[in-house]
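# Structural description and commentary
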Amino acid sequence: MEVLTSLSPDFTADPYTAYALLRERGPVHQVMTPDRGLVWLVVGYEAAREAFSSPKLSRDWQREWRQPGWSPPYALNMLGNTNMLMSDPPHHTRLRKLVSREFTARRVEAMRGRVQEIADELLDRMAADGARRADLIDAFASPLPMIVICELLGVPGLDRAAFHAWSNETLAPTSPEAEKEAYEQVMPYLKGLIAAKRESPGEDLFSALVNTVDEGGDRLTEDELISLAFLLLVAGHETTVNTIGNAVRALFAHPEQMAAVRADPAGLAAGLVEETLRYDGPVETTTPRIALEETEIGGVRVPRGAIVLIAMAAADRDPARYPDPDRFDVRRDAQGHTAFGYGIHYCLGAPLARLEAGVALRSLLERCPDLAADGEQGEWLPGMLIRGVRTLPVRW
């Protein structure tokens, strides 16, 4: 058994050193993690795709979580298996079918103009005081997807500051007490929002989801809608925030890539997004899976009842899949990365995340061609789930 922090003492800032050392020895290892306890960690690319697809690895923690000394994260206790993230077929199949009826590529693409308006408004506000300095996370990367998600959910403008605070505490809690308080506040709010959408539907996505009925008469229950709204809030916000932030940090660390993107922001924005997702994506590891029976992943036997984490951050730097994987190259063909998962659990919101990040990064670099780091970045977000920093001071 390996201890991750012994392989990379500053593991939160640099997990890649530990992942590379493990990957050299094999694609799957039993490890002690800083925040998840003892798990089986998948670090190889092909093994990751295998694990994503395995029906022997369950996302539904309520079925068989019986590992001594391990307790599910607070979010799992609150959400249960009423959302797509933490359910298996056939329940997952049913949920995804109902949600995908409304969360279509056409609906997402129709949002492009509004996302551009939001980006332009935030950049105008960022530059309004003439100081030419800002915290990029607070001023731009965080509010952009928060506004988009709030509009999708039909959250009134006056409630969005609270929504933002709840999102931050649930993904990167400042304390167990603050995390618990955030959940206890957001869940009743979402219940009230559902009731309002039933009584007076709007044009937003959430109104459509609340009221959609399939051809067989099936519809999402209230618990399923609450879990879905929470999933959209967290997955739809934090991942995009950190895709934008991680892309800018990578450009600062690679001046030749920054020069290339500055010269052609429109042409290279999509490549910048995809390479960021591969090189330093916003989600480091999956939520936990449990082995329903003894199974083999990447040629390694994993016992029944084992908790399995797939490290997308490790898989996407596997040299067997991506030559020279520690090199950041916006012109690389990064297709096939696992940042949005793989198989039946592939992220339904991936098109929206790509759209938001692409519009945001292109607009930022067109408006601020001299963008540069302004001192040290802020502290890393805690844990092995979300990969990003709390603050990113910039000047231009």
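Everything discussed here concerns the structure shown above.
Quick caveat: nothing in here was measured; it's all calculated off a predicted structure.

Cut-offs and rules
Residues numbered from 1 in each chain as written. Predicted model: local features only at pLDDT ≥ 70, side-chain atom pairs only at ≥ 80, totals over all residues. Heavy atoms only, no water. Pairing = 2+ DSSP bridges. Helix = DSSP H or I, 4+ residues; strand = E, 2+ residues; numbered from the N terminus. Contact = heavy atoms within 4.5 Å. Axes fitted to C-alpha atoms, helices over the stretch in contact; angles between N-to-C directions. Core = buried A, V, L, I, M, F, W, Y, C linked by side-chain atoms within 4.5 Å. Buried < 20%, exposed > 50% of the residue type's maximum accessible area, 1.4 Å probe, protein only. 1 Å grid on protein atoms, 1.4 Å probe; cavity = no way out; pocket = protein on both sides within 12 Å on 5 of 7 lines; lining within 4 Å. Points joined across faces, edges and corners; volume = space filled by probe spheres on them. Parallel < 35°, antiparallel > 145°, perpendicular 65-115°, else oblique. Left-handed = near helix turned anticlockwise from the far one by under 90°. Nonpolar A, V, L, I, M, F, W, Y, C, P; charged D, E, K, R; others polar.

### Some details on the pairing of strand β3 (residues 37-42)
Sheet topology places strand β2 (residues 28-33) next to β3; six bridges connect them, and they run antiparallel. Pairing of Q30 across the sheet is with W40, part of β3. Hairpin connection from β2 to β3: three residues lie between these consecutive antiparallel strands. One ladder, built from three bridges, connects β3 with strand β9 (residues 307-310); its direction is parallel. Bridge pairing in β9 links W40 to V308.

### Description of the sheet that holds β9
Strand order in the open sheet made by the six strands is β1-β2-β3-β9-β6-β4, with mixed pairing throughout. A strand with exactly one partner marks an edge of an open sheet, and here the two such strands are β1 (2-3) and β4 (57-58). Sheet analysis places β4 next to strand β6 (residues 289-291), joined by two bridges and oriented antiparallel. Of the residues in β6, the one forming a bridge with L57 is A291. The strands that helix α2 (residues 15-25) touches are β1, β2 and β3; relative to β2, the one it contacts most, it runs at about 145 degrees.

### Remarks on the nonpolar core
The biggest cluster of nonpolar side chains holds 86 residues, and the ones touching the most others in it are F140 and F163. Ranked by residue count, the leading element in this core is helix α14 (residues 222-253), at 14 residues. For F140, the contacting residues outside a window of four places in its chain are A119, L122, L123, M126, A360 and L364. In terms of nonpolar packing, the next biggest core, distinct from the first, is built from 19 residues, A291, I297, I310 and I386 among them.

### Observations concerning the layout of surface pockets
Taken as a whole, the second largest pocket spans an internal volume of roughly 260 Å³. Taken together, 19 residues make up the lining of the second largest pocket; nearest its centre are R249, A250, A253, D280 and Q377. For the lining of the second largest pocket, the secondary-structure elements that each account for two or more residues are α14 and α16 (265-280). Ranked by residue count, the leading element in the lining of the second largest pocket is α14, at five residues.

### Overview of the packing of helix α8 (residues 112-127) against helix α18 (residues 350-367)
Closest axis-to-axis distance for the α8/α18 pair is 10 Å, and the angle between their directions is 40 degrees. Taken together, α8 and α18 sit at an angle that is classed as oblique. In the packing of α8 onto α18, the handedness of the crossing is right-handed. Between α8 and α18, the contacting residues are R112, V115, Q116, A119, D120, L123, D124 and M126 on the first element and L355, E356, V359, R362, S363, L364 and R367 on the second. The residue inventory of the contact of α8 with α18, partitioned by class, reads seven nonpolar, two polar and six charged.

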